[in-house]
Amino acid sequence: MGTPRDSTQAQAEVVVDRLEDEYPDSTISLRYSNRLELLIAVILSAQCTDERVNKETKHLFEKYDGPEDYANADQDELAEDLNSITYYNSKAGYIKSSCKTILEDHDGEVPDTMDELIELSGVGRKTANVVLQHGHDIVEGIVVDTHVQRLSRRLGLTEEEYPERIEEDLMGIVPEESWQEFTHLCIDHGRAVCTAQNPDCGDCVLADVCPSEKGDGEIDLASGDPW
């Protein structure tokens, strides 16, 4: 069991510093060339790997060009174009509806405010944060995906269980200039080392400050279950 820093703010700072050194090129892994493609890719990425999304959108973005194409598409055909994506039927509906709203209410442009984005079908705060950060260069929160949720609990940065409450905690302790990067660092570390089922604590740069570290620790703080 590692020994965390005396405060969650100090713990967050050491996490960011060490992961920055470990993953100097950390960035978003979804592929897109404009704001609409980013929005669609993030909608598709819910409960699906970025690798799978990138494979699917490679042909999707060649077939459909702009919100008009998606809004006017046959929904069954659009769903078939997404059939390797989890919940592809629902996501096809979200994309079609969101693009219709973008055309009717936003002059064909992806909105640039949190309130407007979360009014789109299939868009919650996590998706909206990604679109704001990478589509509009607006950082007003921290994207909490499954990796951020798992790592922030394991590392003792929060005891909250739900993404919006976790985001509130993290925004109070992660340096504001690192809010965007924090997500990508957690994703990279979560994929490479701090995996959900069998984290490699022996090869972790945070093991000595992690209260969930398996060497002596008995509990995975992400789940509350014994190792």
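**Quick word on the packing of helix H2 (residues 35–45) against helix H3 (residues 50–63)**
- Here H2 crosses H3 at 135 degrees, and the two axes come no closer than 10 Å. The angle between H2 and H3 places the two elements in the oblique class. Taken as a pair, H2 and H3 cross one another with a handedness that is right-handed. Residues Glu37, Ile40, Ala41, Leu44 and Ser45 of H2 lie in contact with H3, whose contacting residues are Asp50, Val53, Thr57, Leu60 and Phe61.
- Here the residues of the contact of H2 with H3 sort into 6 nonpolar, 2 polar and 2 charged.

**Some remarks on the environment of Gln11**
- With respect to the element layout, Gln11 can be found in helix H1 (residues 8–22).
- Gln11 sits 160 residues away from Met171 along the chain, and the two C-alpha atoms are 13 Å apart.
- In this structure Gln11 touches Pro4, Arg5, Leu155, Leu157, Val209 and Pro211, once residues within four positions along its chain are discounted.
- A distance of 3.0 Å separates a polar side-chain atom of Gln11 from the backbone nitrogen of Arg5.

**Concerning the pattern of salt bridges**
- For the structure on display, the rule yields 7 salt bridges.
- A salt bridge links Lys63 to Asp81; its shortest N-O distance comes to 2.9 Å. With a gap of 18 residues between them, Lys63 in helix H3 and Asp81 in helix H5 (residues 75–81) connect regions that are remote in the sequence.
- Owing to a relative accessible area of 40%, Lys63 belongs among the partly exposed residues under this scheme.
- Salt-bridge contacts for Glu160 lead to Arg165; the nearest nitrogen and oxygen are separated by 3.4 Å.
- The network of salt bridges with shared partners includes Lys63, Glu77 and Asp81.

**What to know about helix H10 (residues 163–173)**
- Among the residues making up H10, those that are buried are Ile166, Glu167, Leu170 and Ile173. Along H10, the residues classed as buried sweep out an arc of 135 degrees about the axis, all on the same side. Along H10, exposed side chains directed more than 90 degrees from the buried face belong to Glu164, Glu168 and Gly172.
- Residues of H10 that are buried in the fold lie against H1, helix H8 (125–135), helix H9 (146–154) and helix H11 (179–192).

**Focus: the nonpolar core**
- Membership of the largest hydrophobic core comes to 36 residues, with the highest contact counts inside it found for Leu39, Leu60, Tyr70 and Ile95.
- Breaking this core down by element, the ones donating at least two residues are H2, H3, helix H4 (67–72), H5, helix H6 (88–105), helix H7 (114–117) and H8.
- With 8 residues, the single largest contributor to this core is H2.
- Residues in contact with Leu60, not counting those within four places in the same chain, are Ile40, Leu44, Tyr70, Leu78, Asp81 and Leu82.
- In this structure, Val15, Val144, Leu151 and Val174 belong to the second largest nonpolar core, which totals 27 residues.

**Quick notes on the environment of Arg165**
- The topology assignment puts Arg165 in helix H10.
- Note: C-alpha distance between Arg165 and Val144 (21 residues apart in sequence) is 9.7 Å.

**Observations regarding unusual backbone geometry**
- You will see that Gln47, though not glycine, has its phi angle at about 55 degrees, which is positive.
- Locating Gln47 in the fold gives a position in the loop between H2 and H3.
- Relative accessible area serves as the criterion here: at 63%, Gln47 is assigned to the exposed category.
- At Tyr87, a residue that is not glycine, the phi angle is positive and equals roughly 55 degrees.

**A closer look at a negative patch on the surface**
- The grouping of Glu13, Asp17, Asp21, Glu22, Glu176, Glu177, Asp200 and Asp203 at the surface amounts to a negative patch.
- Structurally, Asp203 can be placed in the loop between H11 and strand S1 (219–220).
- Since its relative accessible area comes to 51%, Asp203 is described here as exposed.

Rules and cut-offs
Residues numbered from 1 in each chain as written. Predicted model: local features only at pLDDT ≥ 70, side-chain atom pairs only at ≥ 80, totals over all residues. Heavy atoms only, no water. Axes fitted to C-alpha atoms, helices over the stretch in contact; angles between N-to-C directions. Helix = DSSP H or I, 4+ residues; strand = E, 2+ residues; numbered from the N terminus. Parallel < 35°, antiparallel > 145°, perpendicular 65-115°, else oblique. Left-handed = near helix turned anticlockwise from the far one by under 90°. Contact = heavy atoms within 4.5 Å. Nonpolar A, V, L, I, M, F, W, Y, C, P; charged D, E, K, R; others polar. Polar contact = N/O pair within 3.5 Å; in protein donor to acceptor, adjacent residues only side chain to side chain. Salt bridge = Lys/Arg side-chain N within 4 Å of Asp/Glu carboxyl O. Buried < 20%, exposed > 50% of the residue type's maximum accessible area, 1.4 Å probe, protein only. Arc of directions from axis to C-beta. Core = buried A, V, L, I, M, F, W, Y, C linked by side-chain atoms within 4.5 Å. Patch = residues over 30% accessible without salt bridge, like charges linked within 9 Å, V, L, I, M, F, W, Y side chains within 5 Å. Areas by Shrake-Rupley, 256 points an atom, 1.4 Å probe, with all protein chains shown as cover. Lys, Arg positive; Asp, Glu negative; His and termini not counted. Charge placed at Lys NZ, Arg CZ, Asp CG, Glu CD.

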